[in-house]
Amino acid sequence: MARKVILDVDTGTDDAVAVMLAALHPAIDLVGCTTVNGNIPVQYCTDNTLRVLDHIGRGDIPVYEGLSRPLARLDFPVPRRERDSSGKYHPDALPVPAAVSSKQGVGAVEFLIETFRAATEEIVLVPVGPLTNIAAALALDPGFAKRVPEIVVMGGAHALGNVTPSAEFNIWADPEAAAMVFAAGFEKLTLVPLDATHRALVTKTQCEELEALGTPAGQAAAAFIGHRIVVHDTHQRQDVPHSTPVHDALAVGSVIDPSLIGTRRLHVAVETQGALTVGRTVIDTHFRGGQAPNADVAFDADAARFFELLLRTFAGKA
Ligand code: RIB
Ligand code: CA
């Protein structure tokens, strides 16, 4: 029986791979995608998500546009690399044809609240961007956390940062939202941080295998991941030459096969004040804080089996 999933995305290249994995793998019934301001302004995230779903023949999956700015931050913390010298955005339009589908008329937060209120089967919520929409749902519907049986968050980090020396982008982009999510009391919260995603690197040679599939998903994944490798070779060189993490796809992969990641049950909180540490996930690995664990935190991932999952799914042989 396929597991129902809602993906909350800020599509981006790794979100795009995650959307294709969730939309094409038989173990997942992708109920809908919600979009949020993050990698790029939300309207471009929505457009990219529609493009990707149409490209793989899943334009039937509804897309709901969400919040366009962080809950509390007055600035729009879009990473420096998205702005050129003039300060303009360069929307990360993905190299797939223009969308023919349109977003839904209902907003993302309303969709989330109403869908979980009406749910008669379990739905796994998988946010892989800033947690703004999720926090807004918690603020508008005090019973929301209890209605979500499982949430799998891509974000955070313990031993590394990617947008500041101490923070990962999704959490840093809306730290107040993230703090609300970790304090909300979700029954089953899995965190897939950089510590895990950086152990599931995809290489340039593997991109060539995806390209050789000749399927729309295989060729698109090769293009998206290939773009990431070029950026990482310049801005975030990995230990494995010409490789990149595909963060959001690993979060989806862990819903399909939980054994892809190794987790520890720990307490996680989010720093929202520190000048140097704002947006840091404070993961209590040695139980120093005396607070009950609130998350299953992934510190390991099986890179070979993760890539095999991508290859089989995009070949249409999952
Ligand atoms: O830090 C990685 C995360 O930030 C990924 O979800 C990527 O898409 C960006 O949102
Ligand atoms: Ca993302």
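Look up a bit, the structure's there.
The notes below deal with the structure included here. Keep in mind that what you see is a predicted model, and the values were worked out from it rather than measured.

Notes on the coordination of the calcium ion (ligand 2)
Around the calcium ion (ligand 2), the protein contributes the donor atoms Asp10 (OD), Asp15 (OD), Asp15 (OD), Val128 (O) and Asp248 (OD), which lie 2.3 to 2.8 Å from the metal centre. Going along the chain, you hit the donors of the calcium ion (ligand 2) in the pattern D-x4-D-x112-V-x119-D. Taken together, the positions of Val128 in the loop between β4 (123-127) and α4 (132-140) and Asp248 in helix α11 (residues 247-256) put the pair 120 residues apart, joining distant regions of the chain. Like Asp248, Val128 is buried.

A closer look at the site of ligand 1
As a structural note, the neighbourhood of ligand 1 is formed by Asp10, Asp14, Asp15, Asn39, Val128, Met154, Asn162, Glu168, Phe169, Asn170, His247 and Asp248. One of the side-chain nitrogen or oxygen atoms of Asn170 is found 2.7 Å away from an oxygen atom of ligand 1. Protein contact buries 96% of the 270 Å² of open area that ligand 1 shows by itself. Of all the secondary structure elements, the ones that give two or more residues to the shell around ligand 1 are α1 (13-24), α6 (169-173) and α11.

Considerations on helix α10 (residues 216-235)
For an α-helix, 3.6 residues make a turn, and residues three or four places apart therefore share a direction. End to end, α10 covers 28 Å across 20 residues, agreeing with the expected 28 Å (1.5 Å per residue, within 8%). Here α10 has its buried residues at Ala217, Gly218, Ala220, Ala221, Ala222, Phe224, Ile225, Arg228, Ile229, His232 and Asp233.

What to know about the sheet that holds strand β12 (residues 295-301)
The 8 strands are arranged β3-β2-β1-β4-β5-β6-β12-β9 in an open sheet whose pairing can be described as mixed. Since the sheet does not close on itself, it has two edges, and those belong to β3 (63-65) and β9 (261-266), each with one partner. Here the average twist between neighbouring strands, direction ignored, is 25 degrees. The pairing of strand β2 (residues 28-35) with β3 spans 3 bridges and is parallel. Residue pairing for β3: Thr34 is matched across the bridge by Tyr64. Contacts from α11 reach β1 (3-9), β2, β4, β5 (150-154), β6 (189-192), β9 and β12 within the one sheet, and its direction differs from that of β5 by about 155 degrees.

So, the nonpolar core
Counting 59 residues, the largest nonpolar core has Leu7 and Val126 as the members making the most contacts within it. Per element, the largest residue contribution to this core is 8 residues, and it comes from α1. Not counting residues up to four positions away in its chain, the partners in contact with Val126 are Val5, Ile6, Leu7, Asp8, Val152, Ala251, Val252 and Val255. Core analysis: the next-biggest nonpolar cluster, separate from the first, contains 36 residues, Ile134, Ala137, Ile151 and Phe182 among them.

Points about the packing of helix α9 (residues 204-212) against helix α12 (residues 303-314)
Interaxial distance between α9 and α12 falls to 9 Å at its minimum, and their mutual angle equals 15 degrees. Classed by the angle they form, the pair α9 and α12 counts as roughly parallel. In the crossing of α9 with α12, the sense of the turn from one axis to the other is right-handed. Here Gln206, Glu209 and Leu210 of α9 come into contact with α12, specifically with Phe307, Leu310, Leu311 and Phe314. Looking at the contact of α9 with α12 residue by residue, the class counts come to 5 nonpolar, 1 polar and 1 charged.

Focus: unusual backbone geometry
A cis amide bond links Thr11 to the next residue, Gly12, at an omega of 20 degrees. Relative to the helices and strands, Gly12 resides in the loop between β1 and α1. At His242, a residue that is not glycine, the phi angle is positive and equals roughly 50 degrees. A positive phi angle, near 55 degrees, is found at Phe287, a position not held by glycine.

Side note on the side chain of His25
With respect to the helices, strands and loops of the structure, His25 is situated in the loop between α1 and β2. Side-chain polar atoms of His25 contact the backbone nitrogen of Ala27, separated by 2.9 Å. Non-local contacts of His25, meaning those with residues more than four positions away in its chain, are made with Ile256, Leu309, Thr313 and Ala318.

Some points on the pairing of β12
Of all 7 residues in β12, 6 are buried; the element is thus mostly enclosed. When β6 meets β12, the two strands line up parallel, connected through 2 bridges. Directly across from Leu191, in β12, lies its bridge partner Val297. Taken together, the 6 bridges between β9 and β12 define a ladder with antiparallel strand orientation. Each residue of the ladder has a partner; that of Thr263, found in β12, is Ala298.

Thresholds applied
- Residues numbered from 1 in each chain as written.
- Chains lettered and ligands numbered in written order.
- Predicted model: local features only at pLDDT ≥ 70, side-chain atom pairs only at ≥ 80, totals over all residues.
- Heavy atoms only, no water.
- Donors = N, O, S within 2.8 Å, 3.2 Å for Na, K, Ca; no water.
- Helix = DSSP H or I, 4+ residues; strand = E, 2+ residues; numbered from the N terminus.
- Buried < 20%, exposed > 50% of the residue type's maximum accessible area, 1.4 Å probe, protein only.
- Near = heavy atom within 4 Å.
- Polar contact = N/O pair within 3.5 Å; in protein donor to acceptor, adjacent residues only side chain to side chain.
- Areas by Shrake-Rupley, 256 points an atom, 1.4 Å probe, with all protein chains shown as cover.
- Expected span 1.5 Å × (residues − 1).
- Pairing = 2+ DSSP bridges.
- Axes fitted to C-alpha atoms, helices over the stretch in contact; angles between N-to-C directions.
- Contact = heavy atoms within 4.5 Å.
- Core = buried A, V, L, I, M, F, W, Y, C linked by side-chain atoms within 4.5 Å.
- Parallel < 35°, antiparallel > 145°, perpendicular 65-115°, else oblique.
- Left-handed = near helix turned anticlockwise from the far one by under 90°.
- Nonpolar A, V, L, I, M, F, W, Y, C, P; charged D, E, K, R; others polar.

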